[in-house]
Amino acid sequence: MRKFLILGVAALAISACSDKGADTDGDGKISNSEANAEMSDGGAMAMKPGQWEVKISFDKIDAPGLPAELQGKMKEQMGKGIVQSSCLTQEQVDKPGSDFFGGTPEANCSFEDLKRSGDTMKVAMTCKPGGNMVIKSSMDGKFAAETYTMKIDQSTEGTPMGTVKMTGKIEGKRIGDCPV
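Residues numbered from 1 in each chain as written. Predicted model: local features only at pLDDT ≥ 70, side-chain atom pairs only at ≥ 80, totals over all residues. Heavy atoms only, no water.

## Some thoughts on the pattern of salt bridges
- Counted according to the given criterion, the structure contains eight salt bridges.
- A salt bridge links Lys-73 to Glu-69; the shortest N-O distance between them is 3.8 Å. In this pair, Lys-73 and Glu-69 are both assigned in helix α3 (residues 68-80), four residues apart and thus about one turn of the helix distant.
- Of the charged contacts in the structure, one is a salt bridge between Glu-171 and Lys-169, with a shortest N-O distance of 3.7 Å.
- By relative accessible area, Glu-171 is classed as partly exposed at 29%. (Salt bridge = Lys/Arg side-chain N within 4 Å of Asp/Glu carboxyl O. Helix = DSSP H or I, 4+ residues; strand = E, 2+ residues; numbered from the N terminus. Buried < 20%, exposed > 50% of the residue type's maximum accessible area, 1.4 Å probe, protein only.)

## Details of the pairing of strand β4 (residues 120-130)
- In terms of strand pairing, strand β3 (residues 109-117) meets β4 through eight bridges, oriented antiparallel. Within β4, the position partnered with Lys-115 by the bridge is Lys-122.
- Turn length for the β3-β4 hairpin, with the two strands adjacent in sequence and antiparallel, is two residues, and the turn residue Gly-118 shows positive phi of about 60 degrees.
- As defined by bridge partners, β4 adjoins strand β5 (residues 133-143) across nine bridges and the pair is classed as antiparallel. By the bridge assignment, Val-123 is partnered in β5 with Met-139.
- Here β4 folds back onto β5 in antiparallel fashion, the turn holding two residues, of which Gly-131 has a positive phi close to 60 degrees. (Pairing = 2+ DSSP bridges.)

## Points about the packing of aromatic side chains
- If you walk through the whole model with that rule in mind, you get one aromatic pair.
- Ring plane angle 25 degrees and centroid distance 6.1 Å describe the contact between Trp-52 and Tyr-148, whose orientation is recorded as stacked. Taken together, the residues span a long stretch of sequence, with Trp-52 in strand β1 (residues 50-62) and Tyr-148 in strand β6 (residues 147-159) at a distance of 96 residues.
- When its relative accessible area of 2% is taken as the criterion, Tyr-148 is described as buried. (Phe/Tyr/Trp six-rings, centres within 6.5 Å; stacked < 30°, edge-to-face > 60°.)

This is the structure:
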């Protein structure tokens, strides 16, 4: 489950991107330095600091290597969603860092696409959190200062049940001030 929470953190990062895209050298990959430059391009993030809640849910799950009974349980659980809450500080808003992209360094994420234009955003990323597991995600959506919604298509390879494909959404909302 933790690997799916990576995407919520990545979604927070997208709101800081400019409309020209992060791949400034045109090699088809977005390096950490390009991501960091994109994060700081244009000043502060549009998001307001405070306590944010991110819900990731999947309405379509294809896991052919999983027995039908377990696939049903997985669909039920993932349909309800995974909720994560975190504090976005003023410092992070003013000067976001690379930790916004893909969460922890162990997630080993790279971005193939990272663009923002007006209130829309688009990202394609690949994470390799360990072993043979590879998580490929494509997200696009809209954001505002206190909310965002993104569609997500995700494919996870290297699991004991084979390749798992899921489609869903990520919803973020500011729920108040950070706890003291």
